[in-house]
Amino acid sequence: MRDRTKVFMVRAGRDGEDEEYVLNHNLAMIGFREFPSLEGKKEYNEVYNLIQETNPDLKPRTIGNFAGQLGNFAIAMKEGDIVVLPRKLTSQVALGKVIGPYRYLKIDNEYRHTRAVKWIRPEIARTVFLQDLLYSFGSALTVCNISRNDAERRIEAVLNGKPDPGFLGETSNRLQGATFPIEEEESSSPNLADLAHDQIVSRIQSRFSGHALARLVEAVLKAEGWTTKFSPAGPDGGVDIFAGRGSLGLDQPRLCVQVKSQINPCDVTVYRTLQGSMQTFKAEQGLLVCWGGFNKAVQVESKQGYFSVRLWESRDLVEAIYRNYELLPAEIQAELPLKRVWMLVVDESDE
């Protein structure tokens, strides 16, 4: 008998290829396509033996890794448990609750490992979570239980619309009804690029809050060759930055920029307001920067304006900073000290 809800992180493809499908169909769905149905399996050893029989050439450590992930997904995960989906297509995290048993379903002409999940909050900005939880979300595993630093209580608070309360230092009661062990491999270590990105996002959020974020966006635009005019703090008529080409900024294309530093996703009203400002100021292009990302309505409507308006969330702004870092003003580099690091990506052929 369990005394608390468990939390599982479940990914939707290496590059988020299953992300839209699972969110639209209230599912969690994982890869491991080479392994058959786990329906009827109730013990870790049953899953381990199935994997070993299906692919006898796998190393014992790899079999243990796969058995732990598949066992947690098909057996340990129970109805009412929380599922965390770190999204790849946006800088957001989806949270939901398990509402059904494991099923081996035929989807798009192939069978997939699935769980029924009600996605309650599918558009939470990563910036809502503190760094230690983001570290847990950075695991390269497809499925894992998240419990460190009182994660269950904190993630449930975010699921209920509250901010991450942080780790208070108390010792959590351990859950009854254990998850299955996972034999960790080097390939299962946290994604260092994602961890570095989250640290940079956290730094920007703390040092460039409010109107300062618009200043950072202006610096990036200048580095990319735009001539800009910055709107002072206060009512801005829907435009934080005017930008144009040429030494005076009078050459086309002309750009209207709106910057929102909020950590919650922007809604379609903000997008439409920018479009109205573009018409008012006769600008051919628009840039909407929302630190917390955008809800689904904005993402759908913005496709119609793809060739006139660009959307930047935190990830897009950080990538623009990477591209132009050496050209940013010294004071910004001092507030945001970055260093390029090259690492060798080791694959199986190198082992």
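For the structure itself, consult the block above.
Not measured: the values here are computed from a predicted model.

Each value, and the rule that gives it
Residues numbered from 1 in each chain as written. Predicted model: local features only at pLDDT ≥ 70, side-chain atom pairs only at ≥ 80, totals over all residues. Heavy atoms only, no water. Core = buried A, V, L, I, M, F, W, Y, C linked by side-chain atoms within 4.5 Å. Buried < 20%, exposed > 50% of the residue type's maximum accessible area, 1.4 Å probe, protein only. Helix = DSSP H or I, 4+ residues; strand = E, 2+ residues; numbered from the N terminus. Contact = heavy atoms within 4.5 Å. Patch = residues over 30% accessible without salt bridge, like charges linked within 9 Å, V, L, I, M, F, W, Y side chains within 5 Å. Areas by Shrake-Rupley, 256 points an atom, 1.4 Å probe, with all protein chains shown as cover. Salt bridge = Lys/Arg side-chain N within 4 Å of Asp/Glu carboxyl O. Axes fitted to C-alpha atoms, helices over the stretch in contact; angles between N-to-C directions. Parallel < 35°, antiparallel > 145°, perpendicular 65-115°, else oblique. Left-handed = near helix turned anticlockwise from the far one by under 90°. Nonpolar A, V, L, I, M, F, W, Y, C, P; charged D, E, K, R; others polar. Pairing = 2+ DSSP bridges. Polar contact = N/O pair within 3.5 Å; in protein donor to acceptor, adjacent residues only side chain to side chain.

Engineer: If you had to explain the nonpolar core to someone new, which residues and values would you point to?
Structural biologist: By size, the foremost hydrophobic cluster in this structure holds 35 residues, and its most contacted members are Val 10, Ile 51, Leu 70 and Phe 73. Put simply, the parts of the chain that give this core at least two residues each are strand 1 (7–10), helix 1 (19–25), strand 2 (27–30), helix 2 (44–54), helix 3 (60–76), strand 3 (82–86), strand 4 (92–107) and strand 5 (110–125). Ranked by the residues each element gives to this core, the list is headed by helix 3, at eight residues. With sequence-adjacent residues up to four places away left out, Ile 51 is seen in contact with Phe 35, Leu 58, Ile 63, Phe 66, Ala 67 and Leu 70. Core analysis: the next-biggest nonpolar cluster, separate from the first, contains 31 residues, Trp 226, Leu 255, Ile 321 and Leu 336 among them.

Engineer: Any chance you could break down unusual backbone geometry for me, citing the residues and the numbers?
Structural biologist: Note: most residues except glycine have negative phi, and most peptide bonds are trans. Cis geometry marks the peptide bond from Gln 252 to Pro 253, where omega comes out at 0°. Locating Pro 253 in the fold gives a position in strand 9 (residues 251–260). One non-glycine residue, Phe 32, lies in the positive phi region at around 50°. If you trace the backbone, Phe 32 turns up in the loop between strand 2 and helix 2. Exposure remark for Phe 32: the relative accessible area of 11% places this residue in the buried category. Although it is not a glycine, Lys 282 adopts a positive phi angle of roughly 55°.

Engineer: A description of a nonpolar patch on the surface should follow, citing residues and the corresponding values.
Structural biologist: A contiguous nonpolar patch, built from Leu 192, Val 341 and Met 343 and spanning about 320 Å² of accessible area, is present on the exposed surface. Locating Leu 192 in the fold gives a position in helix 6 (residues 192–207).

Engineer: Describe the packing of helix 2 against helix 3, with residues and values.
Structural biologist: Look at helix 2 against helix 3: their axes get within 8 Å of each other, and the N-to-C directions meet at 130°. Considering the angle they form, helix 2 stands oblique to helix 3. Between helix 2 and helix 3 lies a crossing of right-handed hand. Contact with helix 2, carried on its side by Tyr 44, Val 47, Tyr 48, Ile 51 and Gln 52, involves Pro 60, Ile 63, Gly 64, Phe 66, Ala 67, Gly 68, Leu 70, Gly 71 and Ile 75 of helix 3 and no other residues of that element. In the contact of helix 2 with helix 3, the residues fall into ten nonpolar, four polar and no charged.

Engineer: Explain the sheet that holds strand 7 (residues 227–230) to me, and be specific about the residues and the numbers.
Structural biologist: Working definition: the strands of a sheet are paired by backbone hydrogen bonds and lie parallel or antiparallel to each other. An order of 7-8-9-10-11 is seen for the five strands of this open sheet, with the pairing classed as mixed. In this open sheet, the two strands that pair with only one neighbour each are strand 7 and strand 11 (309–312). On average, each strand axis in the sheet is inclined to that of its neighbour by 20°, with strand direction left out of account. Two elements, strand 7 and strand 8 (residues 241–245), share four bridges in a ladder whose sense is antiparallel.

Engineer: Could you give me a rundown of the side chain of Thr 228, with the residues and numbers involved?
Structural biologist: Turning to its location among the elements, Thr 228 is positioned in strand 7. On the accessibility criterion, Thr 228 (19% relative accessible area) is buried. A distance of 2.8 Å separates the side chain of Thr 228 from the side chain of Glu 218, its partner in a polar contact.

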